[in-house]
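As a plain string of letters, each chain reads:
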Amino acid sequence: MRPSTAASTDGRMPQRLVLVAFMGCLLMIIPCFFVAVWKPKLDPLSSPNLQLSVTTSIKIQAVRESSSISDRSGSEMVVMPISVNEDEAELTNDTEIVRMPPPEEEKGRVNMTFTEAEFSNSTMDEEQKNNDNGISPATNVKDATKPKQEFSLATGKPKAEEGTQEINSQTEGVAESKITCDLSERRSDTCVIHGDVRVLGYSSSIILSKAPQADAPGEENTWKIRPYARKWESSVMEIIRELTLKESTKPADTPQCAVHHTVPAIVFSTGGFLGNFFHDFTDVLIPLFTTAHQYRGEAQFLVTNFNYGWIKKYEQILRRLSHYQIIDLDREGRVHCFRHVHVGLLSHKELSMDPAKSPNGYSMADFREFLRSCFSLKRKSVSAGNRKPRLLMINRKGPRSFTNRREVASLARSLGYKVVVAGPEETKNLSRFARVVNSCDVMMGVHGAGLTNMLFLPTDAALVQVIPWGGLKYACGHDFGEPAPDMGIRYLEYEIKEGESSLMRQYPRSHPVFTDPLSIHKQGWNVLWSVFLNKQSVRLDVRRFKGVLQEAMNALPH
C-alpha cells in the first residue's frame, strides 16, 4: 500500500530542517573565518607601510619654536618640535619637544662647552632674528647651577634689576665716563672706555653715552681703530674692519640697549695673517692673554673679521680667557651695553710681552704656565737625570725642509739624543703635539712658523734655529731668537752656507742670490719670500752642524 501524502511529507521534513540548519551554520562560519584571516591586513596600525601612506596624505600643522636653551654643561641645545597629526592635536593640544645639538660646523657661531657659563636671550623676536643670522646668545650669567634669570621683554633687563639706574659691573671704581686711547705703541692701537657704553656691531660703532653738562658742553670726540696687533703692516690692516668710537650727549643718537652685560668687553679681530701658526700667537693669542687674563675669565669677547675655524682651533685657550660665548660682532644686530670696553689688544713684542707694560706685570713665564694649564702639560722645566735628552726635529714638507733628514737624525743619535721627527701631519692636532713638544729637551728646525711650538717646551730647554741662505739672520733672530730668553729657553742658531742650499741648483754662483742677497731684499717682501723662503730647501753639512747639537746638549741642566 502506498503511504499517504501526509505521511510522506512528515518523513522529509527532518531532512530539510537539517539541511537548512547546516547552510545557516555555514553562512555564519564563513564570515568569521574571513574576518579572522584578513583583519590584520586591513588594520592600519599593523602595517608601517600602510600607515606611512595614510599619514603622508594628512596635512601637517607647522609648529614654530623661537627660543633656544643651554644645558648644564653649557652646550647649546636647539629646541625642535615634532609636528603632530591635526586630529591628535585637537584631542591633546600638546606638542612633544625633541632637543637636538646644532650642526658641528655651523658657520657664524661658536659653541664652547663652558661649565661655568649659561646664556640667556633677549626678546623672542630679537632672538629669532639673530638665530636666523647665526648670532650667538650673549648675556653674561655666571654659574649654570643657579636658577635662570627672567628677562623683561619691555626693557631687556633681568626682572630683578628693573627700576635700577645701572647694571652691576665687575669693573669697580669707575669715576667718570671717558674714552682713553693709546695710539703711541708700534704694534697696536688700543682704547679703553668707561661708562654707559653701547656697542653696535652692525654699524661698527661703539658709543659712550654721556649726560650733557650745561657748564661744559664741549665737543663730542671720535676715534677710528682697527683692532689687530700689526698696525705697521698697512696692506693687511686695510682688510681689518675699522671701528668708530665716539662720545654722545644726545639721546636721539644713542640707541636703546637690547642686551645688558655684567662683565667687561674685549674687542679684537681674527682677520689678518691668522691661520699662520706664528701669527696666531704673536698677533692675537699672546696680546689677548696680556689684555684679558686680568679678568680671570669674566670678560666678553666681541670679534670682528670673525674666523670660525680659527676660534674652533684655539677653543682650549679661548675658553679659559673668557667663560662666555664669543660674539660675531660683524653680524650682530642687537645693541650690547657694557660699563667697561677694551678695544684692541695690548701688544709689546714679537712672540712676547713686556712685564713693565702688562697688567699685573704679566710675563711670558705667566703665559707659558697658562698654556701648560690649557693643554695639561706635565713638564715645567728640564731636570737633570740619567735619561737621554729628547731632540724634536721639526721637518717641513716642501720649501725649507731637510733633504737629508735621516743623516741628521743619525748624527743626533750618535751624540746621545733620542730623536723625535715631526712632519706637518703630526703637528695638526694642537693639543696632542703640544704634549709631544713638552716631552722634549731640544727642538730644531728651519726658520718657519713651526718653531712657534717652542712655547710648549719646558723651561731650560734649547731651541736650534736653522737659518736659510739669503741674509736672513736678523729677521730670523728677531722672530725666535729674541723671544727665547723671555721664555727661559736657550737659543742657538745655525746659518747655512751656499753649498747647503738647494738654490745652488737653481742659480749660478755669479747670481745676486749668492753675491748680493740684500739686493733681492730691496725688491720687496714678495720677491724675498719667493726666492729665499718659498724655493729653498736645506741639506745640512752634518760635520758643521755636529758642534751645534753638542752645544745644545751641554746647555741642558746636568
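Note that this is a predicted model, so its numbers are computed, not measured.

Right, let's talk about the overall build of the chain for a bit. What the chain contains, in helices and strands, is 16 helices and 20 strands. A total of 558 residues make up the chain; the buried ones form 47% of that total. For the chain, the proportion of contacts with a sequence separation of at least 24, taken over those separated by at least 6, is 74%. Carbon and sulfur atoms make up 53% of the accessible area of the chain, which totals about 28,800 Å².

Here we come to the packing of aromatic side chains. Inspection of every chain in the model, using the stated rule, returns 14 aromatic pairs. Look at F277 and F281: their rings are 5.3 Å apart centre to centre, the planes differ by 80°, and that puts the pair in the edge-to-face class. Residue F277 and its partner F281 are located together in helix α6 (residues 277–292), separated by 4 residues, close to a single helical turn. A connected cluster of aromatic rings, assembled from ring pairs, spans F277, F281, F289, W310, Y314, Y362, F367, F370, F375 and F456.

This brings us to the sheet that holds strand β16 (residues 390–394). Overall, parallel pairing links the 5 strands, which are arranged β17-β16-β18-β19-β20 in an open sheet. This sheet does not close on itself; its edge strands, each paired only once, are β17 (418–422) and β20 (490–495). The average angle at which neighbouring strand axes cross in this sheet is 20°, direction not considered. Sheet topology note: the strand β19 (residues 462–467)/β20 ladder contains 6 bridges and is parallel.

Before going further, it helps to spend a moment on the packing of α6 against helix α9 (residues 364–375). Where α6 contacts α9, the axes come no closer than 10 Å and their chain directions differ by 95°. The angle between α6 and α9 falls in the class roughly perpendicular. Taking contact as the criterion, the partners of F281, L285, I286 and F289 in α6 are, on α9, M364, D366, F367, F370 and L371. Looking at side-chain class alone, the contact of α6 with α9 contains 8 nonpolar, no polar and 1 charged residues.

Further remarks concern α9. Its 12 residues place the ends of α9 16 Å apart at the C-alpha level, agreeing with the 16 Å of an ideal helix rising 1.5 Å per residue. Looking at the buried side of α9, the elements it contacts are α6, α8 (315–321) and α11 (430–438). Phi turns positive one or two residues past the end of α9, at S376, with a value near 55°.

Okay, unusual backbone geometry next. Negative phi values dominate among residues other than glycine, just as trans dominates among peptide bonds. Positioned with a positive phi, R296 is a non-glycine residue whose angle comes to about 55°. The topology assignment puts R296 in the loop between α6 and β13 (300–304). Given the relative accessible area of 53%, R296 is considered exposed.

Before going further, it helps to examine the pattern of salt bridges. Throughout the structure, instances matching the rule amount to 23 salt bridges. As a salt-bridge pair, K357 and E185 come within 3.3 Å of each other at their nearest N and O atoms. Pair noted here: K357 is in the loop between β15 (335–343) and α9 and E185 is in the loop between β6 (178–182) and β7 (190–200), with a separation of 172 residues, a long-range link. For R319, the salt bridge identified is with E315, shortest N-O distance 3.8 Å. Separated by 4 residues within a single helix, R319 and E315 lie in helix α8, roughly one turn from each other. With relative accessibility at 29%, the residue R319 sits in the partly exposed group. Judged by relative accessible area, which is 13%, E315 ranks as buried.

About the criteria used
Residues numbered from 1 in each chain as written. Predicted model: local features only at pLDDT ≥ 70, side-chain atom pairs only at ≥ 80, totals over all residues. Heavy atoms only, no water. Helix = DSSP H or I, 4+ residues; strand = E, 2+ residues; numbered from the N terminus. Buried < 20%, exposed > 50% of the residue type's maximum accessible area, 1.4 Å probe, protein only. Contact = heavy atoms within 4.5 Å. Areas by Shrake-Rupley, 256 points an atom, 1.4 Å probe, with all protein chains shown as cover. Phe/Tyr/Trp six-rings, centres within 6.5 Å; stacked < 30°, edge-to-face > 60°. Pairing = 2+ DSSP bridges. Axes fitted to C-alpha atoms, helices over the stretch in contact; angles between N-to-C directions. Parallel < 35°, antiparallel > 145°, perpendicular 65-115°, else oblique. Nonpolar A, V, L, I, M, F, W, Y, C, P; charged D, E, K, R; others polar. Expected span 1.5 Å × (residues − 1). Salt bridge = Lys/Arg side-chain N within 4 Å of Asp/Glu carboxyl O.

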